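# Structure assessment
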Amino acid sequence: MRIHAFHHLYQQRLERSTKPFNARGSKVARCQYCQVAQQDCLCQHQPTASTEVAVLLLLSENEVFKPSNTGRLILDTVADGHAYQWSRTEPEVAMLELLNSPDYQPILVFPEQYVEDHSRLVANTTTSSDLARKPLLVFLDGSWREARRMFNKSPYLSQLPVLSISPQRVSQYMMRRSDNEQHLATAEVAALVFKQLGHEQLHQTLTMWFEVFRESYLNSKTRNRRDDTKPALNEYIMSRNEKSL
Ligand SMILES: [Zn+2]
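Below is a summary of the structure that appears in this document. (Residues numbered from 1 in each chain as written. Predicted model: local features only at pLDDT ≥ 70, side-chain atom pairs only at ≥ 80, totals over all residues. Heavy atoms only, no water.)

Next up on the list: the coordination of the zinc ion. Four donors placed tetrahedrally around a metal ideally meet at 109.5 degrees, and six donors placed octahedrally ideally meet at 90 or 180 degrees. Coordination of the zinc ion by the protein involves Cys31 (SG), Cys34 (SG), Cys41 (SG) and Cys43 (SG), with metal-donor separations of 2.3 to 2.4 Å. Coordination at the zinc ion comes from four donor atoms whose angles at the metal span 102 to 115 degrees, giving a geometry best classed as tetrahedral. Counting residues between consecutive donors of the zinc ion along the chain gives the motif C-x2-C-x6-C-x1-C. By relative accessible area, which is 11% here, Cys31 ends up buried. (Donors = N, O, S within 2.8 Å, 3.2 Å for Na, K, Ca; no water. Tetrahedral: all angles 85-135°; square planar, octahedral: opposite > 155°, others 65-115°. Buried < 20%, exposed > 50% of the residue type's maximum accessible area, 1.4 Å probe, protein only.)

What follows is the structure, encoded as C-alpha coordinates:
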(Lines give C-alpha, C1' and ligand atoms only; values in the text may rest on other atoms or scores of the structure.)
Protein backbone atom coordinates (compact mmCIF):
# COMPACT_ATOMS: atom_id res chain seq x y z
CA MET A 1 0.00 0.00 0.00
CA ARG A 2 1.18 3.50 -0.83
CA ILE A 3 1.29 5.89 2.15
CA HIS A 4 0.43 9.38 0.91
CA ALA A 5 0.05 12.98 2.04
CA PHE A 6 -3.33 12.43 3.69
CA HIS A 7 -1.93 9.66 5.88
CA HIS A 8 1.05 11.84 6.82
CA LEU A 9 -1.24 14.71 7.79
CA TYR A 10 -3.36 12.33 9.86
CA GLN A 11 -0.29 11.13 11.76
CA GLN A 12 0.99 14.69 12.31
CA ARG A 13 -2.36 15.80 13.69
CA LEU A 14 -2.61 12.72 15.88
CA GLU A 15 0.82 13.39 17.39
CA ARG A 16 -0.05 17.01 18.08
CA SER A 17 -3.54 16.53 19.47
CA THR A 18 -3.94 16.57 23.21
CA LYS A 19 -7.34 14.90 23.33
CA PRO A 20 -8.88 12.34 21.00
CA PHE A 21 -11.27 13.63 18.37
CA ASN A 22 -14.52 11.74 18.75
CA ALA A 23 -15.80 11.49 15.22
CA ARG A 24 -18.97 9.64 14.44
CA GLY A 25 -18.22 5.97 14.32
CA SER A 26 -15.11 6.34 16.46
CA LYS A 27 -16.09 3.31 18.53
CA VAL A 28 -15.32 0.99 15.63
CA ALA A 29 -11.75 -0.41 15.53
CA ARG A 30 -10.62 0.98 12.19
CA CYS A 31 -7.65 0.59 9.91
CA GLN A 32 -5.85 3.92 10.34
CA TYR A 33 -5.12 4.15 6.61
CA CYS A 34 -8.38 3.28 4.85
CA GLN A 35 -10.62 4.03 7.87
CA VAL A 36 -12.99 1.10 7.50
CA ALA A 37 -13.36 -1.56 10.21
CA GLN A 38 -10.16 -3.57 10.53
CA GLN A 39 -11.76 -6.80 9.31
CA ASP A 40 -12.80 -4.96 6.12
CA CYS A 41 -9.44 -3.22 5.50
CA LEU A 42 -9.20 -2.17 1.85
CA CYS A 43 -5.52 -1.22 1.79
CA GLN A 44 -4.43 -4.21 -0.28
CA HIS A 45 -6.84 -3.03 -3.01
CA GLN A 46 -5.61 0.57 -3.23
CA PRO A 47 -5.58 1.60 -6.91
CA THR A 48 -2.44 2.18 -8.95
CA ALA A 49 -1.91 5.92 -8.82
CA SER A 50 -2.19 8.07 -11.92
CA THR A 51 0.41 10.72 -12.77
CA GLU A 52 -1.82 12.71 -15.15
CA VAL A 53 -2.98 15.35 -12.67
CA ALA A 54 -1.86 16.73 -9.32
CA VAL A 55 -4.25 17.27 -6.42
CA LEU A 56 -4.12 19.57 -3.42
CA LEU A 57 -6.61 18.89 -0.63
CA LEU A 58 -7.29 21.68 1.82
CA LEU A 59 -8.88 20.21 4.91
CA SER A 60 -11.10 21.96 7.41
CA GLU A 61 -10.37 21.74 11.12
CA ASN A 62 -11.06 18.10 12.04
CA GLU A 63 -11.83 16.68 8.63
CA VAL A 64 -8.71 14.51 8.60
CA PHE A 65 -10.06 12.55 11.60
CA LYS A 66 -13.47 11.78 10.13
CA PRO A 67 -13.71 8.16 9.02
CA SER A 68 -16.33 9.15 6.43
CA ASN A 69 -13.94 11.58 4.70
CA THR A 70 -13.45 10.78 1.02
CA GLY A 71 -10.79 13.33 0.05
CA ARG A 72 -8.38 10.62 1.12
CA LEU A 73 -9.70 8.39 -1.68
CA ILE A 74 -8.68 10.99 -4.27
CA LEU A 75 -5.08 10.80 -3.07
CA ASP A 76 -5.31 6.99 -3.30
CA THR A 77 -5.73 7.41 -7.06
CA VAL A 78 -3.27 10.25 -7.76
CA ALA A 79 0.48 9.94 -7.26
CA ASP A 80 1.12 13.68 -7.12
CA GLY A 81 -1.18 14.34 -4.16
CA HIS A 82 -0.89 16.93 -1.37
CA ALA A 83 -2.92 17.50 1.77
CA TYR A 84 -2.80 20.53 4.06
CA GLN A 85 -4.70 21.79 7.02
CA TRP A 86 -6.63 24.92 6.08
CA SER A 87 -5.77 28.11 7.92
CA ARG A 88 -7.14 31.54 7.19
CA THR A 89 -4.25 33.48 8.65
CA GLU A 90 -1.37 30.99 8.77
CA PRO A 91 -1.33 28.99 5.56
CA GLU A 92 1.59 26.58 5.35
CA VAL A 93 4.56 27.85 3.38
CA ALA A 94 4.92 24.57 1.50
CA MET A 95 1.32 24.86 0.34
CA LEU A 96 1.84 28.43 -0.88
CA GLU A 97 4.98 27.34 -2.74
CA LEU A 98 3.04 24.56 -4.38
CA LEU A 99 0.32 26.97 -5.51
CA ASN A 100 2.98 29.28 -6.94
CA SER A 101 5.10 26.57 -8.53
CA PRO A 102 5.83 27.10 -12.25
CA ASP A 103 5.31 23.35 -12.75
CA TYR A 104 1.58 23.54 -12.18
CA GLN A 105 -1.60 25.25 -13.26
CA PRO A 106 -3.59 25.44 -10.03
CA ILE A 107 -7.36 25.24 -10.48
CA LEU A 108 -9.83 25.54 -7.63
CA VAL A 109 -12.93 23.35 -7.81
CA PHE A 110 -16.08 25.10 -6.60
CA PRO A 111 -19.69 25.68 -7.72
CA GLU A 112 -19.78 28.64 -10.08
CA GLN A 113 -22.77 30.41 -8.55
CA TYR A 114 -20.61 31.32 -5.56
CA VAL A 115 -17.89 32.86 -7.70
CA GLU A 116 -18.40 36.61 -7.88
CA ASP A 117 -15.73 37.33 -10.47
CA HIS A 118 -16.86 35.36 -13.50
CA SER A 119 -13.57 36.01 -15.29
CA ARG A 120 -12.10 33.38 -12.95
CA LEU A 121 -14.24 30.60 -14.40
CA VAL A 122 -12.54 28.00 -16.55
CA ALA A 123 -14.60 27.12 -19.65
CA ASN A 124 -16.35 23.81 -19.10
CA THR A 125 -15.00 22.52 -22.41
CA THR A 126 -11.40 22.85 -21.17
CA THR A 127 -9.42 19.62 -20.91
CA SER A 128 -5.99 19.04 -19.40
CA SER A 129 -4.44 18.87 -22.87
CA ASP A 130 -5.47 22.54 -23.38
CA LEU A 131 -3.31 23.59 -20.42
CA ALA A 132 0.33 24.51 -20.75
CA ARG A 133 1.15 23.04 -17.36
CA LYS A 134 0.05 20.05 -15.32
CA PRO A 135 -3.25 20.83 -13.56
CA LEU A 136 -3.06 21.09 -9.78
CA LEU A 137 -6.67 20.62 -8.73
CA VAL A 138 -7.52 22.21 -5.41
CA PHE A 139 -10.39 20.67 -3.43
CA LEU A 140 -11.83 22.22 -0.28
CA ASP A 141 -12.51 19.21 1.88
CA GLY A 142 -14.99 19.66 4.70
CA SER A 143 -18.68 20.24 5.22
CA TRP A 144 -20.38 22.53 2.71
CA ARG A 145 -20.45 25.32 5.29
CA GLU A 146 -16.72 24.90 5.94
CA ALA A 147 -15.92 24.74 2.23
CA ARG A 148 -17.69 28.05 1.64
CA ARG A 149 -15.79 29.60 4.52
CA MET A 150 -12.48 28.35 3.10
CA PHE A 151 -13.44 29.68 -0.30
CA ASN A 152 -14.38 33.13 1.01
CA LYS A 153 -11.65 33.59 3.61
CA SER A 154 -8.46 32.48 1.91
CA PRO A 155 -6.60 35.35 0.21
CA TYR A 156 -4.18 32.82 -1.31
CA LEU A 157 -7.07 31.18 -3.19
CA SER A 158 -8.83 34.32 -4.27
CA GLN A 159 -7.01 34.70 -7.59
CA LEU A 160 -7.10 31.09 -8.72
CA PRO A 161 -9.12 30.05 -11.74
CA VAL A 162 -12.25 28.12 -10.75
CA LEU A 163 -13.57 24.98 -12.36
CA SER A 164 -17.22 24.23 -11.75
CA ILE A 165 -18.61 20.82 -12.59
CA SER A 166 -22.17 20.50 -13.90
CA PRO A 167 -23.09 23.36 -11.59
CA GLN A 168 -26.74 22.55 -11.00
CA ARG A 169 -26.15 18.94 -10.32
CA VAL A 170 -23.12 19.10 -8.06
CA SER A 171 -24.02 22.16 -6.05
CA GLN A 172 -27.51 20.84 -5.37
CA TYR A 173 -25.94 17.60 -4.41
CA MET A 174 -23.47 19.25 -2.06
CA MET A 175 -26.08 21.39 -0.38
CA ARG A 176 -28.65 18.66 -0.04
CA ARG A 177 -26.41 16.72 2.26
CA SER A 178 -26.23 17.64 5.89
CA ASP A 179 -23.01 18.89 7.38
CA ASN A 180 -22.40 15.43 8.72
CA GLU A 181 -22.79 13.71 5.41
CA GLN A 182 -21.58 16.27 2.92
CA HIS A 183 -17.96 15.14 2.97
CA LEU A 184 -19.04 11.92 1.29
CA ALA A 185 -19.21 14.00 -1.86
CA THR A 186 -15.61 15.20 -2.25
CA ALA A 187 -14.39 12.09 -4.10
CA GLU A 188 -17.49 12.07 -6.30
CA VAL A 189 -16.90 15.69 -7.27
CA ALA A 190 -13.26 14.87 -8.06
CA ALA A 191 -14.32 11.93 -10.24
CA LEU A 192 -16.54 14.31 -12.25
CA VAL A 193 -13.70 16.81 -12.56
CA PHE A 194 -11.36 14.12 -13.89
CA LYS A 195 -13.93 13.14 -16.49
CA GLN A 196 -14.50 16.73 -17.58
CA LEU A 197 -10.75 17.31 -17.96
CA GLY A 198 -10.46 14.25 -20.19
CA HIS A 199 -9.08 11.65 -17.76
CA GLU A 200 -11.60 8.90 -18.37
CA GLN A 201 -9.57 6.09 -16.82
CA LEU A 202 -8.91 8.07 -13.67
CA HIS A 203 -12.61 8.97 -13.53
CA GLN A 204 -13.55 5.31 -13.65
CA THR A 205 -10.96 4.26 -11.10
CA LEU A 206 -12.02 6.87 -8.56
CA THR A 207 -15.74 6.24 -9.14
CA MET A 208 -15.29 2.53 -8.46
CA TRP A 209 -12.91 3.06 -5.57
CA PHE A 210 -15.41 5.41 -3.95
CA GLU A 211 -18.15 2.77 -4.27
CA VAL A 212 -15.79 0.18 -2.76
CA PHE A 213 -15.12 2.47 0.19
CA ARG A 214 -18.77 3.39 0.69
CA GLU A 215 -19.78 -0.26 0.71
CA SER A 216 -17.25 -1.24 3.37
CA TYR A 217 -17.78 1.98 5.34
CA LEU A 218 -21.52 1.25 5.57
CA ASN A 219 -20.73 -2.33 6.58
CA SER A 220 -18.78 -0.96 9.53
CA LYS A 221 -21.80 0.95 10.85
CA THR A 222 -23.28 -0.98 13.71
CA ARG A 223 -26.85 -0.09 12.86
CA ASN A 224 -26.47 -1.41 9.32
CA ARG A 225 -26.86 -5.06 8.51
CA ARG A 226 -23.61 -6.28 6.99
CA ASP A 227 -23.50 -7.35 3.37
CA ASP A 228 -20.56 -9.71 3.21
CA THR A 229 -20.96 -10.35 -0.50
CA LYS A 230 -19.34 -6.91 -1.18
CA PRO A 231 -20.53 -6.51 -4.79
CA ALA A 232 -18.70 -3.18 -5.35
CA LEU A 233 -15.38 -4.66 -4.19
CA ASN A 234 -15.85 -7.72 -6.39
CA GLU A 235 -16.68 -5.61 -9.41
CA TYR A 236 -13.63 -3.43 -8.76
CA ILE A 237 -11.32 -6.44 -8.45
CA MET A 238 -12.70 -7.96 -11.65
CA SER A 239 -12.30 -4.69 -13.51
CA ARG A 240 -8.70 -4.36 -12.33
CA ASN A 241 -7.89 -7.89 -13.43
CA GLU A 242 -9.36 -7.25 -16.87
CA LYS A 243 -7.34 -4.11 -17.36
CA SER A 244 -4.32 -5.50 -15.46
CA LEU A 245 -4.08 -2.18 -13.70
ZN1 LIG B 1 -6.78 -0.40 5.58
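On we go from here.
Moving on, we come to the environment of Cys31. Along the chain, the position of Cys31 falls in the loop between helix 1 (5–16) and strand 1 (50–59). In this structure, the C-alpha to C-alpha distance between Cys31 and Pro67, residues 36 residues apart in sequence, is 9.7 Å. Setting aside anything within four residues of it in sequence, one finds Cys31 in contact with Val36, Ala37, Gln38, Cys41 and Cys43. (Helix = DSSP H or I, 4+ residues; strand = E, 2+ residues; numbered from the N terminus. Contact = heavy atoms within 4.5 Å.)

This next bit is on the packing of helix 6 (residues 186–196) against helix 7 (residues 200–219). Helix 7 packs onto helix 6 with a crossing angle of 165 degrees between their chain directions and a minimal axis gap of 7 Å. When the axis of helix 6 is compared with that of helix 7, the two are roughly antiparallel. As for how helix 6 packs across helix 7, the hand of that crossing is left-handed. Contact residues: Ala187, Glu188, Ala190, Ala191, Leu192, Phe194 and Lys195 in helix 6; Glu200, Leu202, His203, Leu206, Thr207, Phe210 and Arg214 in helix 7. (Axes fitted to C-alpha atoms, helices over the stretch in contact; angles between N-to-C directions. Parallel < 35°, antiparallel > 145°, perpendicular 65-115°, else oblique. Left-handed = near helix turned anticlockwise from the far one by under 90°.)

This part is about the sheet that holds strand 2 (residues 78–85). Ordered by their spatial adjacency, five strands build an open sheet running 2-1-4-3-5, and the pairing between neighbours is parallel. Of all strands in the sheet, those with a lone pairing partner are strand 2 and strand 5 (162–163), marking the two edges. When strand 3 (residues 104–109) meets strand 4 (residues 134–141), the two strands line up parallel, connected through five bridges. From the neighbouring strand, Ile107 faces strand 4, where its bridge partner is Leu137. Docked against the sheet, helix 6 engages strand 1, strand 2, strand 3, strand 4 and strand 5, running at close to 155 degrees with respect to strand 4. (Pairing = 2+ DSSP bridges.)

Here we take up the pattern of salt bridges. Considering all chains together, one arrives at eight salt bridges under this definition. Of the charged contacts, one joins Glu61 and Arg13 as a salt bridge, the two residues approaching to 3.8 Å between their closest N and O atoms. Taken as a pair, Glu61 in the loop between strand 1 and helix 2 (71–77) and Arg13 in helix 1 lie far apart in primary sequence, 48 residues in all. Looking at Arg13, the relative accessible area reads 12%, which means it is buried. Taking the shortest distance from any N to any O, the salt bridge between Asp40 and Arg226 comes out at 2.9 Å. (Salt bridge = Lys/Arg side-chain N within 4 Å of Asp/Glu carboxyl O.)

This part takes up the packing of aromatic side chains. Counted under the stated rule, the structure contains seven aromatic pairs. Each ring, one from Phe110 and one from Tyr114, has its centre 6.3 Å from the other, and the planes form 75 degrees; the classification is edge-to-face. Look at Phe110 and you get buried, because its relative accessible area is 4%. Residue Tyr114 is classed as partly exposed on the basis of its relative accessible area of 28%. Measuring from ring centre to ring centre gives 4.1 Å for Phe110 and Phe151, while their planes differ by 0 degrees; the resulting arrangement is stacked. With a gap of 41 residues between them, Phe110 in the loop between strand 3 and strand 4 and Phe151 in helix 4 (residues 144–152) connect regions that are remote in the sequence. Grouping aromatic residues by their ring pairs yields a cluster made of Phe110, Tyr114, Trp144 and Phe151. One Lys or Arg, Arg72, reaches over the ring of Phe6 and ends 5.7 Å from the middle of that ring. (Phe/Tyr/Trp six-rings, centres within 6.5 Å; stacked < 30°, edge-to-face > 60°. Lys NZ or Arg CZ within 6 Å of the ring centre and 35° of its normal.)

So, to be careful, I would describe these as geometric facts and stop short of saying anything about function.
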